[in-house]
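Here is what each chain is made of, one letter per residue.
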Amino acid sequence: QGQVQESGGGSVQAGGSLRLSCSGAIDSLGCLRWFRQAPGKEREGVGDIYIRTGITNYAESVKGRFTISHDRATNTVDLQMNSLKPEDTAMYYCATGGPAAYCSDAYEYIHWGQGTQVTVSS
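What comes next concerns the included structure.

About the criteria used
- All residue numbers refer to position in the chain's written sequence, counted from 1.
- In keeping with the predicted nature of the model, local features appear solely for residues at pLDDT of at least 70, side-chain atom pairs appear and are counted solely at 80 or more, and the whole-chain, interface and lining totals rest on all residues.
- Each side-chain value is worked out from all heavy atoms of the structure, with water and hydrogens disregarded.
- Strands here mean DSSP runs of E at least two residues long; helices mean DSSP runs of H or I at least four residues long; both are numbered from the N terminus.
- Exposure categories follow from relative accessible area, calculated using a 1.4 Å probe and restricted to protein chains: below 20% of the type maximum is buried, above 50% is exposed, and the middle band is partly exposed.
- Computed with the Shrake-Rupley method and a 1.4 Å probe, the accessible areas treat only the protein chains shown as cover for residues.
- Positive charge is attributed to Lys and Arg, negative charge to Asp and Glu, and no charge count is given to His or to the chain ends.
- For charged residues, the charge sits on one atom: NZ in Lys, CZ in Arg, CG in Asp, CD in Glu.
- Salt bridges are counted wherever a side-chain nitrogen of Lys or Arg sits within 4 Å of a carboxyl oxygen of Asp or Glu.

Each helix and strand counted, the protein chain has 0 helices and 11 strands in total. Its C-alpha atoms put the protein chain at 40 × 25 × 25 Å along the principal axes. Across the 122 residues in the protein chain, those meeting the buried criterion constitute 43%. In the form shown here, the protein chain has an accessible surface area of approximately 6200 Å², with 47% of it arising from carbon and sulfur atoms. Of the charged side chains in the protein chain, 10 are positive and 12 negative, and the gap between their average positions amounts to 4 Å.

Attention shifts here to the pattern of salt bridges. All told, the structure shown has 7 salt bridges when counted by the stated rule. For Arg36, the salt bridge is made with Asp88, and the minimal N-O distance between the two is 2.9 Å. Taken as a pair, Arg36 in strand 4 (residues 30-37) and Asp88 in the loop between strand 8 (76-81) and strand 9 (90-99) lie far apart in primary sequence, 52 residues in all. When sorted by exposure, Arg36 lands in the same class as Asp88, which is buried. Where salt bridges share partners, they join Arg36, Glu44, Arg65 and Asp88 into one cluster.

Any functional reading would require information beyond the geometric quantities listed.
Structure, rendered in structure tokens:
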């Protein structure tokens, strides 16, 4: 598998919060995207960050609830998830690639983590 690792998953009740972290081979000029996949559903992008500038993008389903940030000191990328809903239940993955001018759907994510489970109960 890839050279990044996720941590911080767990179980929480609806309305609660969790913070995921991604560490490893995070290129300072690249993009990092958080993905999730629920059982029986296709993988979807949750949001991404352009490491060089810190510019972030989010899926509509998580806007206003999730925040992606990069810690330059530790070179980790966190996904802060607030106001969690049962439909947020999924395996969450972080993925990165090489240098880029900006983040887009065409960006090639070549390093993937093993995933961390997030379960939100109602």
